[in-house]
Amino acid sequence: MQSKNKKIYNAAITGVGMYVPDKILDNKYFESIVDTNDEWIVSRTGIRERRVMENGATSDMAVYAIQDLFKTTKVKPEEIDVIIVATVTPDMFFPATACLVQEKIGATKAWGFDLSAACSGFLFALQTGASLIESGTYKKVIVVGSDKMTAITDYTDRNNCILFGDAASAVLLEPTEDLNYGIKDSLLYVDGSGKESLYMKGGGSLNPPSHETVDKKMHYIYQDGKAVFKVAVIGMADISFEIMKKNELKSEDVAYLVPHQANLRIIDATAKRMGISKDKVMINIDRYGNTTAATIPSCLTEYYRAGKIKKGDNLILSAFGAGYTWGAIYLTWSLD
Ligand code: COA
């Protein structure tokens, strides 16, 4: 094991992949099912359309994203050591979605687990995966964020149904001995006092499934949007600024902010606090909405494939979500 002060390896992202289902729900569709309109949705959230997984579950989307990753790397499924699935919409309570993914991709030597941290899930999973690499014990870790949010969305609740979509996206982590690259720092927090503002109350041991829990719509996302918005703006802006300060990064040192995609106004406020211009902020909320654990890796995948991220670019990833959970990760991109 390496100590924090004597790092031998950094964990570097050496592959990316993603999957979004084909079916699109645009804002016009929501005008036909709830009292809303395109202008309100775009101006209040930045969302124009989102995707729905009609045939398949969270594990299927994760598998498609990982298969997409394999297509662009030389790595084979049987070389994977660990699979971490960040999700709040597992196929089932158990077995873990990671087990289902392991079997479907044929990762015969892997172990793995699910990680539940809502919209911060990818960041928490990325830091966990990085620690497994930095320890020197594991060489190939897949971190996949996959959420089928439409499975827990109440399509009669106009406050929330317009926000969420389905997607999955994966990264491969491998060790690099060149400490100029890879994941360099993280700041992660939880605060359970946020539990009443954003939750899905039914189905667990507190409120086991019953006719009553179904009648009371307890198997859907509940969100007090206004309350969450206020803390999310402060939480994401502060943590992003804090990690820059801690690492003595000026705004010109940061190539991109890679924010969780919950609301364009939260993203704008974060960029402003960091002193970063809009062209240095990764955005895909307009096309996919809030896909929970898949937002950050799907941004990385799309921008990398579009040739917009270069080796040596400093990125700040940041997120805020249910729990509350929030955090930021600082990394230097290592792929050509
Ligand atoms: N269409 C039209 N009007 C809507 C609407 C919709 N889809 N949803 C809500 N409204 C109405 C509200 O009922 C309210 O009307 P009222 O003033 O008559 O009560 C009005 O629009 C303003 O609502 P408000 O809640 O102030 O809007 P907002 O500016 O806060 O935006 C959210 C609402 C949900 C977009 C925003 O609060 C948000 O993004 N919250 C945080 C999301 C988040 O970050 N989650 C964490 C990670 S998942």
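Our subject is the structure that appears above.
Residues numbered from 1 in each chain as written. Predicted model: local features only at pLDDT ≥ 70, side-chain atom pairs only at ≥ 80, totals over all residues. Heavy atoms only, no water.

(A) Local environment of the state of the cysteines. Under the definition given, this model contains zero disulfides. Cysteine 119 provides the cysteine sulfur closest to cysteine 161, a residue in no disulfide bond, and the two sulfurs are 16 Å apart. On the basis of relative accessible area, cysteine 161 is assigned to the buried category, the value being 0%. Residue cysteine 299 stays outside any disulfide, its sulfur separated by 13 Å from that of cysteine 119, the closest cysteine. (Disulfide = S-S within 2.5 Å. Buried < 20%, exposed > 50% of the residue type's maximum accessible area, 1.4 Å probe, protein only.)

(B) Layout of helix H8 (residues 225-246). Its 22 residues place the ends of H8 31 Å apart at the C-alpha level, agreeing with the 32 Å of an ideal helix rising 1.5 Å per residue. For H8, the set of buried residues is Val228, Ala232, Gly235, Met236, Ala237, Ile239, Ser240, Ile243 and Met244. Looking at the residues trailing H8, positive phi occurs at glutamate 248, about 50°. (Helix = DSSP H or I, 4+ residues; strand = E, 2+ residues; numbered from the N terminus. Expected span 1.5 Å × (residues − 1).)

(C) Examining the pattern of salt bridges more closely. The final tally for this structure, using the stated rule, is 14 salt bridges. The shortest N-O distance in the salt bridge between lysine 216 and glutamate 212 comes to 2.7 Å. Residue glutamate 212 is classed as partly exposed on the basis of its relative accessible area, which comes to 48%. (Salt bridge = Lys/Arg side-chain N within 4 Å of Asp/Glu carboxyl O.)

(D) Just the site of the ligand, in detail. As a structural note, the neighbourhood of the ligand is formed by 20 residues, with Thr36, Arg44, Gln223, Lys226 and Asn263 the closest of them. Glutamine 223 is positioned such that a nitrogen or oxygen atom in its side chain is 2.8 Å from a nitrogen atom of the ligand. The side chain of arginine 265 places a nitrogen or oxygen atom 2.9 Å from an oxygen atom of the ligand. In isolation the ligand exposes 960 Å². Once the protein is present, 77% of that is buried. Residue assignment for the shell around the ligand shows that the elements contributing at least two residues are helix H2 (38-45), helix H6 (158-161), H8 and helix H9 (264-274). With four residues, the top contributor of residues to the shell around the ligand is H8. Considered class by class, the residues forming the shell around the ligand number eight nonpolar, seven polar and five charged. (Near = heavy atom within 4 Å. Polar contact = N/O pair within 3.5 Å; in protein donor to acceptor, adjacent residues only side chain to side chain. Areas by Shrake-Rupley, 256 points an atom, 1.4 Å probe, with all protein chains shown as cover. Nonpolar A, V, L, I, M, F, W, Y, C, P; charged D, E, K, R; others polar.)

(E) A look at the packing of aromatic side chains. Enumeration over the complete set of coordinates arrives at 11 aromatic pairs. On the basis of an interplanar angle of 50° and a centroid distance of 5.5 Å, the ring pair of tyrosine 304 and tryptophan 333 is categorised as tilted. Taken together, the residues span a long stretch of sequence, with tyrosine 304 in helix H11 (residues 295-305) and tryptophan 333 in the segment after strand S13 (325-332) at a distance of 29 residues. Tyrosine 304 gets classed as partly exposed once you look at its relative accessible area, which sits at 22%. Since its relative accessible area comes to 0%, tryptophan 333 is described here as buried. Among the aromatic residues, those joined into a cluster by ring pairs are Tyr189, Phe320, Tyr324 and Trp326. Between lysine 311 and the ring centre of tyrosine 181, over which it is positioned, the NZ or CZ distance is 5.1 Å. (Phe/Tyr/Trp six-rings, centres within 6.5 Å; stacked < 30°, edge-to-face > 60°. Lys NZ or Arg CZ within 6 Å of the ring centre and 35° of its normal.)

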